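An overview of the molecular structure
Now for the letters of each chain:
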Amino acid sequence: MQHQTTASPAPSVKSADRALAIVDLVAARGYVSFTEIVTALSLPRSSAHGLLNTLHSAGWLEHDPATRQYSLGLRAWHVGQLYTGHNHIANAASPVLEALAARLGESVQLARLDGSENAYFTISQYSTEGLRFGTSVGMRLAAHATATGAALLSNLEPAEAKRRLAAAPAPLLVNKTAVEIAVVLERVAEAKQRGYALDDQTYLAGSRSVAVPLTSSTGGINTAISVTMSASRTGELWPTDVLGAVTAAAHEIRVRLGAREPQIVVPALG
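Residues numbered from 1 in each chain as written. Predicted model: local features only at pLDDT ≥ 70, side-chain atom pairs only at ≥ 80, totals over all residues. Heavy atoms only, no water.

**Description of the confidence of the model for the chain**
Short version of the rule: The predictor attaches a confidence to each residue, called pLDDT, with possible values from 0 through 100. Whether two residues are in contact is decided by their heavy atoms, any of which lying within 4.5 Å being enough.
Within the chain, residue pLDDT values average 82, and 83% of them lie at 70 or more. Note on residues 1-7: pLDDT under 50 across the span, and 22 contacts to partners over four residues away in sequence or across chains. Under a pLDDT of 50 for its full length, residues 262-270 has, in the predicted model, 12 contacts with residues more than four places off or in other chains.

What follows is the structure, given as structure tokens:
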């Protein structure tokens, strides 16, 4: 399996970093006051005033004088509508994911790695019997805490995976329990060695997931597919009973994207 490598990041510009952090914060919370922005991002009040005025003037943020709160502006919506970066992957994967969801009767997701988070951009749900466990298009989850994240991080060189985890907000939490980076990297290494990652009620009680990484055939965008299901609907054969179908779907998506990879034969477990 090929693995994505990432060059060392170039030095950032502090004001640009702060402006982007403000937009991210407002996007995550919806409506945010000046005091909340300053407190959450530890910004000097003078710098925050200047950045917010600039973002407001440029249309990235809106400001309600009555509530004194900021929200995303029309410019953010417009730029979002123009983004097509992963459309070719979604278009190739969607029919495969739909077929996989119908076959398993479960929720199937396609996510990409963004920094130290999974960003979900395609979800197929066959019926109301397959629980979503809170995932939805546009949702972001910490990569260190999920099977999808382990699969995505396994596509990186170990040093890059470690760098991203170190840059994530501390502490690293899984089900409200702190975990060390070394422990996460062990899980990532295991996922890389076997070609898939598992979550057996680690991230969320009652939820099990199987995730398989896609490779550089996705045009440099680090992606993975996963199936999430209720532990109550799994039996003694899990994950063997779903792993073959998920792995075959990943292979079909790679082929649709132009890869020429041999079909992976999934070994029987235990």
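Having seen the structure, we can now continue with the description.
**Here's the deal with the packing of helix 7 (residues 158-167) against helix 8 (residues 181-194)**
As a reminder, the rule being used: Between the N-to-C directions of two axes lies an angle of 0 to 180 degrees, each axis being a line fitted to C-alpha atoms and, for a helix, fitted only over the stretch in contact. Comment: elements are numbered from the N terminus, with helices defined as DSSP H or I runs of at least four residues and strands as E runs of at least two. Here the angle decides the label: under 35 degrees means roughly parallel, over 145 means roughly antiparallel, 65 to 115 means roughly perpendicular, and every other value means oblique. We call a crossing left-handed when the near helix sits turned anticlockwise from the far one by less than a right angle, and right-handed when that turn is clockwise. Amino acid classes used here: Ala, Val, Leu, Ile, Met, Phe, Trp, Tyr, Cys and Pro are nonpolar; Asp, Glu, Lys and Arg are charged; the rest, including Gly, are polar.
The contact between helix 7 and helix 8 brings their axes to 11 Å, and the two run at 140°. Of the possible angle classes, the one that applies to helix 7 and helix 8 is oblique. The handedness of the crossing between helix 7 and helix 8 is right-handed. Every residue of helix 8 that contacts helix 7 at Pro158, Ala161, Lys162, Leu165 and Ala166 is listed here: Ile181, Val184, Leu185 and Lys192. Split into classes, the residues belonging to the contact of helix 7 with helix 8 amount to seven nonpolar, no polar and two charged.

**Examining the sheet that holds strand 5 (residues 117-125)**
What counts is decided by this rule: Being paired, for any two strands, means DSSP has found at least two bridges between them.
Judged by pairing direction, the sheet is antiparallel, and its six strands sit side by side in the order 6-5-4-11-10-9 without closing on themselves. Each edge of the sheet is formed by a strand with only one pairing partner; in this case those strands are strand 6 (140-142) and strand 9 (197-200). Averaged over all adjacent pairs, the angle separating strand axes in this sheet is 30°, with direction ignored. Two strands pair when backbone bridges link them, and strand 9 and strand 10 (residues 207-213) are joined in this way by four bridges, in the antiparallel orientation. Bridge pairing in strand 10 places Ala197 opposite Ala211. Helix 5 (residues 87-104) rests against strand 4 (107-114), strand 5 and strand 11 (223-230) of the sheet, and its axis sits at about 60° to strand 5.

**Details of the sheet that holds strand 1 (residues 32-33)**
In sheet architecture, strand pairing relies on hydrogen bonds along the backbone and comes in two forms, parallel and antiparallel. The strand order 1-3-2 describes an open sheet built from three strands, whose pairing is antiparallel. Every other strand in the sheet has two partners, leaving strand 1 and strand 2 (61-64) as the edge strands with one partner each. Relative to strand 3 (residues 69-72), strand 2 is paired through four bridges, and the arrangement is antiparallel. Residue Glu62 lies in a different strand from strand 3, and its bridge partner there is Ser71. Contacting strand 2 and strand 3, helix 3 (residues 45-57) runs over the sheet at an angle of about 105° to strand 2.

**Things to note about the nonpolar core**
Grouped burial of nonpolar side chains is what soluble globular proteins tend to show. This is how the line gets drawn: In this text, buried Ala, Val, Leu, Ile, Met, Phe, Trp, Tyr and Cys residues form a nonpolar core when linked through side-chain atoms within 4.5 Å. Only protein chains enter the accessibility calculation, which uses a 1.4 Å probe. A residue is then buried if its area is under 20% of the maximum for its type, exposed if over 50%, and partly exposed in between.
Of all hydrophobic cores here, the largest spans 30 residues; its most connected members are Leu110, Ile225 and Ile253. Sorting the residues of this core by element identifies helix 5, strand 4, strand 10, strand 11 and helix 9 (240-256) as the ones contributing at least two each. Broken down by element, the residue count for this core peaks at nine residues, all from helix 5. Every residue in contact with Ile253, bar those within four places of it in the chain, is listed here: Ala93, Val96, Leu97, Leu214 and Ile225. Residues Leu113, Ala150, Ala191 and Ala224 belong to the second largest nonpolar core, which totals 18 residues.

**A closer look at the pairing of strand 5**
The buried fraction of strand 5 amounts to seven of the nine residues, a majority that puts the element mostly inside the structure. The pairing of strand 4 with strand 5 spans eight bridges and is classified as antiparallel. From the neighbouring strand, Val108 faces strand 5, where its bridge partner is Ser124. Of the strand pairs in this sheet, strand 5 and strand 6 are connected by three bridges, and their pairing is antiparallel. The residue bridging Ala119 from the neighbouring strand is Arg140, located in strand 6.

**What to know about the environment of Asp114**
Spelled out, the test is: Any N or O atom pair separated by 3.5 Å or less is treated as a polar contact, with the protein-specific requirement of one donor-capable and one acceptor-capable atom, and with residues adjacent in sequence counted only for side-chain atom pairs.
With respect to the helices and strands, Asp114 occurs in strand 4. A polar contact of 2.9 Å, which involves the side chain of Asp114, links it to the side chain of Arg140.

**Re the side chain of Gln109**
With respect to the helices and strands, the residue Gln109 is situated in strand 4. On the basis of relative accessible area, Gln109 is assigned to the buried category, the value being 1%. There is a polar contact of 2.9 Å between the side chain of Gln109 and the side chain of Ser107. At 2.7 Å, the side chain of Gln109 and the side chain of Ser226 are in polar contact.

**So, the pattern of salt bridges**
Rules: Salt bridges are defined by distance alone: a side-chain nitrogen of Lys or Arg within 4 Å of a carboxyl oxygen of Asp or Glu.
Applying the stated criterion to the full structure yields seven salt bridges. Across the pair Asp114 and Arg140 runs a salt bridge, and its minimum N-O distance is 2.9 Å. Taken as a pair, Asp114 in strand 4 and Arg140 in strand 6 lie far apart in primary sequence, 26 residues in all. In this structure Asp114 comes out as partly exposed when scored by relative accessible area, which is 37%. Put simply, Asp200 and Arg208 hold a salt bridge, and the shortest N to O gap is 2.7 Å. Linked by salt bridges that have partners in common, Asp114, Glu117 and Arg140 make up one network.

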